[in-house]
Amino acid sequence: MTLKYLIQKEFTQIRRNAFLPRLIVVFPIMIMCVMPWVMNMEVRNVVVDVVDNDRSTQSQQLVHDIEANDYFIFHGQKATYAEALEEIERTEADVVVVIPKDYSKDLTQARLDKSMRYPSVLIAANAVNGTKGAMGSAYLRQMVTANALPQAAAIQTEISTLFLYNKHMDFKLFMIPALFAIVMMLMTGFLPALNIVGEKEAGTIEQINVTPVSKTTFILSKLIPYWLIALFVITVCLLLAWLIYGISPAGPLWLIYLLAMLLALFFSSFGLIISNYSDTMQQAIFVMWFFVVIMLLLSGLFTPTRSMPAWSYTTTYINPVCYFVEAVRTVFIRGGDFANIAHQVGALALIGLFMSSWAVLSYKKNK
């Protein structure tokens, strides 16, 4: 009965707060409606300047291919390389393509005489944005090669690719499960981190400390409301993914909820641990933000974990966000069942139980 009234007290405090109820409702809606459109790792809109020193039919075909490509914004033809380079320095262009003089003539001779070298086309990219410059250069290299070697392009068209999971190559399908992790992390992590330390600043924590309520009951009363909030948040995210984007889990829905609850167990416990050790709300926010950013960037949410250096990859073994992202993508996109994510579920459960035990032990109750 004591636990029931303590949980009721927590919900009463949340309801009386003018900001928290709005945050719990509006935040997941904003994340699901805005972030899938902006968190796109596909490189597009590469601004290209072309310097055509040949002015032949073959060189103009390459220019028109660049102009018609959806990945590029054709910025026009420039008279000289120096003029195009000035536009890169003014950040008005990303890549410059320089077609040499006698391009068509040398290309024809190389096709007839295999001992002749194919003409070289200069591709100069603005490397300030390394990803955009590298990807833009790679796209242009493929186009230059296809223009010089039509047989290579013909071979590529004969190769058919079968996408097993993300058939339409829609990046939103890949990012939406990862957004679940961000929403859960912020909603069930930061709010508990401000809970106990907020009562410390208000002085109301002393009223609990002089009662016979056990530490376990007190911490459970702090954790359970945020587990229920996690259920509400993940439900809102799933509904919005279905209503707005037409995306639904390919695997069992209950596995999504299981993973969400295990992640909520970890972050709510972790937030209470930080709250227990903090003296002010400002301190709790900074400490929580420090760990959240590290776990987020090293989780494989944005880039594959296998591309990390070996020393940083070892951190994924204790990073619950990494287990969650990998498991939820397996269920949501690939239609995996429990056997496919048993390892991640076990790891999340162990980490969550450890952190919840730490949350109980770290709370100092002075009678």
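Structure shown above.
About the thresholds
Residues numbered from 1 in each chain as written. Predicted model: local features only at pLDDT ≥ 70, side-chain atom pairs only at ≥ 80, totals over all residues. Heavy atoms only, no water. Helix = DSSP H or I, 4+ residues; strand = E, 2+ residues; numbered from the N terminus. Buried < 20%, exposed > 50% of the residue type's maximum accessible area, 1.4 Å probe, protein only. Contact = heavy atoms within 4.5 Å. Areas by Shrake-Rupley, 256 points an atom, 1.4 Å probe, with all protein chains shown as cover. Axes fitted to C-alpha atoms, helices over the stretch in contact; angles between N-to-C directions. Parallel < 35°, antiparallel > 145°, perpendicular 65-115°, else oblique. Left-handed = near helix turned anticlockwise from the far one by under 90°. Nonpolar A, V, L, I, M, F, W, Y, C, P; charged D, E, K, R; others polar. Core = buried A, V, L, I, M, F, W, Y, C linked by side-chain atoms within 4.5 Å. Salt bridge = Lys/Arg side-chain N within 4 Å of Asp/Glu carboxyl O.

The next thing to look at is the overall build of the chain. For the chain, the count of helices and strands is 16 helices and four strands. Sorting the 367 residues of the chain into buried and exposed places 47% on the buried side. Within the chain, contacts between residues separated by at least 24 positions form 78% of all contacts whose residues are at least 6 apart in sequence. By element, 63% of the accessible surface of the chain is carried by carbon and sulfur atoms, the whole surface being about 19300 Å².

To continue, consider unusual backbone geometry. For Thr-91, which is not glycine, the phi dihedral falls at a positive 60 degrees. Tracing the chain through its elements places Thr-91 in the loop between helix H4 (81-89) and strand E3 (95-99). One non-glycine residue, Asp-102, lies in the positive phi region at around 65 degrees. Relative to the elements of secondary structure, Asp-102 occurs in the loop between E3 and helix H5 (103-112).

A pair of packed helices is captured by two measures, namely the crossing angle of their axes and the spacing between those axes. It is the contact of helix H15 (residues 320-332) with helix H16 (residues 338-362), at a shortest axis distance of 9 Å, that shows an interaxial angle of 150 degrees. Classified by the angle between their axes, H15 and H16 sit roughly antiparallel to one another. For the pair H15 and H16, the sense of crossing is left-handed. Every residue of H16 that contacts H15 at Pro-320, Tyr-323, Phe-324, Glu-326, Ala-327, Thr-330 and Val-331 is listed here: Asn-340, Ile-341, His-343, Gln-344, Ala-347, Leu-348 and Ile-351. Residues belonging to the contact of H15 with H16 are distributed by class as follows: nine nonpolar, four polar and one charged.

Turning to the nonpolar core, a few remarks are in order. In terms of nonpolar packing, the biggest core is built from 80 residues, with Phe-180, Ile-219, Phe-267, Leu-301 and Phe-332 touching the most fellow members. A total of 16 residues in this core trace back to one element, the largest contributor, which is helix H8 (residues 171-193). Residue contacts for Phe-267: discarding those within four places in its chain leaves Met-185, Thr-188, Gly-189, Met-288, Val-292, Met-295 and Val-321. In this structure, Leu-62, Val-63, Leu-107 and Tyr-139 belong to the second largest nonpolar core, which totals 19 residues.

Inspection of the secondary structure puts Pro-21 in helix H2 (residues 20-38). Along the backbone, Pro-21 and Met-116 are 95 residues apart, and their C-alpha atoms lie at a distance of 73 Å. When residues no more than four places from it in sequence are discounted, the contact partners of Pro-21 are Ile-14 and Arg-15.

What follows is about the pattern of salt bridges. Per the stated rule, a full pass over the model turns up five salt bridges. For Glu-10, the salt bridge identified is with Lys-9, shortest N-O distance 3.0 Å. Overall, Glu-10 belongs to the buried group, its relative accessible area being 2%. For the salt bridge of Arg-90 with Glu-92, the shortest nitrogen-to-oxygen distance reads 3.3 Å. Judged by its relative accessible area of 44%, Arg-90 falls in the partly exposed class. What emerges from the salt-bridge pattern is a single network uniting Lys-9, Glu-10 and Lys-222.

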